[in-house]
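# A closer look at the structure
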Amino acid sequence: MRIALYQPDIPGNTGAILRLAACLGFTVDLIEPAGFDLSDRNLKRAGMDYLERAALARHPSWETFELWRKREGRRLILFTTRAEAGYTDFSYADGDILLFGRESSGAPEAVHAAADARLTIPMKEGARSLNLAMTAAMAAGEALRQLR
């Protein structure tokens, strides 16, 4: 399983997700450009000493990521507030890529169109969104629960 971050904005979230991935055995695909310098001290602080253990694959653009993904034959599962299907109602498979959009603006239409599935984490009415790192942890936890 993999977690992909589409042009992330907040280094602390990316660091926390890298730490999560290191602990759970996931690879993180970072689709650039990021909204921060990847050597940013906040990224290192959030990831702590786990950054050296994290498997990180950097993709210079959405297009290069998509070419790689298609060659690999992996499903792309987009987490978005614009989906209707709940993340616990989906059947995950080995090799899935759990994709999360930018903190500031989500994922553009081209990314939505490329996704094999679009999922949401149901929230109380009036809630706008969850923190990206929390969402990634919830999604990864559900996928692992199903697959293990």
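Our subject is the structure that appears above.
Residues numbered from 1 in each chain as written. Predicted model: local features only at pLDDT ≥ 70, side-chain atom pairs only at ≥ 80, totals over all residues. Heavy atoms only, no water.

### Observations regarding the packing of aromatic side chains
The condition is simple: Classification of ring pairs rests on two measures: the distance between centres of Phe, Tyr or Trp rings, Trp counted by its six-membered ring, which must be within 6.5 Å, and the angle between planes, read as stacked under 30 degrees, edge-to-face over 60 and tilted in between. Secondary structure is summarised from DSSP: a helix means a run of H or I of at least four residues, a strand means a run of E of at least two, and numbering begins at the N terminus for each. Summary of the burial criterion: residues with accessible area below 20% of their type's maximum are buried, those above 50% are exposed, and those between are partly exposed, where the area comes from a 1.4 Å probe applied to protein chains only.
Summed over all chains, the structure comprises 5 aromatic pairs. Relative to Trp 62, the ring of Tyr 6 lies with its centre 6.0 Å away and its plane at 75°, an arrangement referred to as edge-to-face. Of the two residues, Tyr 6 sits in strand 1 (residues 2-6) while Trp 62 sits in helix 3 (residues 62-72), which places them 56 residues apart along the sequence. Residue classification places Tyr 6 among the buried positions, given a relative accessible area of 9%. Residue Trp 62 is classed as buried on the basis of its relative accessible area, which comes to 10%.

### Quick look at the pairing of strand 2 (residues 27-31)
How we decide: A pair of strands is treated as paired once DSSP finds two or more bridges between them.
For strand 2, a buried count of 5 out of 5 residues is recorded, marking the element as mostly surrounded by other parts of the structure. Residues Thr 27, Asp 29 and Ile 31 of strand 2 are buried on one face, and the alternating residues Val 28 and Leu 30, pointing to the opposite face, are buried as well. Sheet topology note: the strand 1/strand 2 ladder contains 5 bridges and is parallel. Across the sheet, the residue bridging to Leu 5 is Leu 30, located in strand 2. Bridge count for strand 2 against strand 3 (residues 55-59) is 5 bridges, and the pairing is parallel. Bridge pairing links Leu 30 to Arg 58 in strand 3.

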